[in-house]
Amino acid sequence: MKRLVALLAILFAPAFAGSVPAKVRIVSTLDDFSSIAESIGGDLVEADSLAKGYQDPHFVDAKPSFILKLSRANLLIVAGLELEIGYLPPLIDQSRNAKIHPGNAGYLDVSNGCDILQRPTGQVTRAMGDVHPFGNPHYWLDPNNGRIIARSIAAKLSELDPGNRAVYEKNLAAFEAKLTEKDKEWQAKMAPFAGAKVVTFHNSWPNFVKHFGLDVAGNIEPKPGIPPTPSHTLEIINLITSQKIRAILVEPYFDLKTPKYVAGKTRATVVVFYPSVGGTPEIKDYFSIFDTDIDALVKVLGAGRT
Ligand SMILES: [Zn+2]
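Note that the structure is predicted; figures quoted are calculated from it, not measured. (Residues numbered from 1 in each chain as written. Predicted model: local features only at pLDDT ≥ 70, side-chain atom pairs only at ≥ 80, totals over all residues. Heavy atoms only, no water.)

Moving on: the packing of helix 6 (residues 165-190) against helix 10 (residues 286-302). Relative orientation of the contacting elements helix 6 and helix 10 amounts to 5 degrees, with a least axis distance of 10 Å. The orientation of helix 6 relative to helix 10 falls into the category roughly parallel. Residues Phe175, Lys178, Leu179, Lys182, Glu185, Trp186, Lys189 and Met190 of helix 6 lie in contact with helix 10, whose contacting residues are Tyr286, Phe287, Phe290, Asp291, Ile294, Asp295, Leu297 and Val298. (Axes fitted to C-alpha atoms, helices over the stretch in contact; angles between N-to-C directions. Helix = DSSP H or I, 4+ residues; strand = E, 2+ residues; numbered from the N terminus. Parallel < 35°, antiparallel > 145°, perpendicular 65-115°, else oblique. Contact = heavy atoms within 4.5 Å.)

Here's what the structure looks like:
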């Protein structure tokens, strides 16, 4: 009963409580966009996410609580490129919140303007269950795209809440300045490993490797969203051996069995590599994704070097 009263209080809370203006309520599909939105919105926004950073963003289990969050949102931020196709469209319908429908003012697809890789050139098919039908949807893993996402969010917040435009612009400038500084630091750490080849479990990292000068030689998944097969695993073992690859990067939500088997047959090391805020408790914001992953990668690529 207490919970019901609390719920009703939330649902029917007035838009303005006393003289304190209501915050812009943002729901993002990913914690990464929430983190950036918090940097831009500060105290003026309340940011929440649907998927958690330790979950596979392609396969999110919809919960009833998602509908409540969406029903209250002023702004919905999505990755687009069909990353959320498996769960989000029916939730938007069920939220009965017209503001956040695609095409309306409260819907923001932050892939717009970003450098999207691996866009298909021919006819789009879902052959073999490919979950990247419109290009690679893990594009936030390039800091340059993080900058574009931040600009999109700042512009949208200024549109929805024009009275606070100056605050959003100031916070955007601070975010960009920090990103520029951090990127110098990250680039310096990665510079000694320019051109290094890695194998990754899922095809989450093309933007990351492009930005940091690495190369993904192969994926443990035969196609995005398709589990490992014995024949493909054998090909990956041969690839790692022939190209002397040192690192197998695995997103935190995949079974380590096949990666460890491959590592056991080669000289490569398995590295859990986090694509999102909240993937591990130490990754509390967008910047610490790169802090954590780059430190882990440098350790493996640098091991045994003289
Ligand atoms: Zn994917």
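Where strand 5 (residues 197-200) lies against strand 6 (residues 215-219), 4 bridges are found, and the strand directions are parallel. From the neighbouring strand, Thr200 faces strand 6, where its bridge partner is Asn219. (Pairing = 2+ DSSP bridges.)

All of the protein donors around the zinc ion are His58 (NE2), His132 (NE2), His138 (NE2) and His202 (NE2); their distances to the metal are 1.9 to 2.0 Å. Angles of 107 to 112 degrees at the metal separate the 4 donor atoms of the zinc ion, which places the site in the tetrahedral class. Along the chain, the residues donating to the zinc ion fall in the pattern H-x73-H-x5-H-x63-H. Taken together, the positions of His58 in the loop between strand 2 (45-49) and helix 3 (64-72) and His138 in the loop between strand 4 (107-109) and helix 5 (143-160) put the pair 80 residues apart, joining distant regions of the chain. An identical accessibility class is assigned to His58 and His138; each is buried. (Donors = N, O, S within 2.8 Å, 3.2 Å for Na, K, Ca; no water. Tetrahedral: all angles 85-135°; square planar, octahedral: opposite > 155°, others 65-115°. Buried < 20%, exposed > 50% of the residue type's maximum accessible area, 1.4 Å probe, protein only.)

This brings us to helix 4 (residues 88-95). Those residues of helix 4 that fall on the buried side of the exposure criterion are Leu88, Leu91, Ile92 and Ser95. The buried residues of helix 4 occupy one face: seen down the axis, they fall within an arc of 100 degrees. In this fold, the buried residues of helix 4 make contact with helix 3, strand 3 (75-78) and strand 4. (Arc of directions from axis to C-beta.)

Although it is not a glycine, Leu81 adopts a positive phi angle of roughly 55 degrees. With respect to the secondary-structure elements, Leu81 resides in the loop between strand 3 and helix 4. At Glu82, a position not held by glycine, the phi torsion is positive, near 65 degrees.

Within the fold, Ile236 resides in helix 8 (residues 230-242). Along the chain, Ile236 and Leu157 lie 79 residues apart, while their C-alpha atoms are 45 Å from each other. With residues near it in sequence (within four places) discarded, Ile236 still touches Val199, Gly218, Asn219 and Val262.

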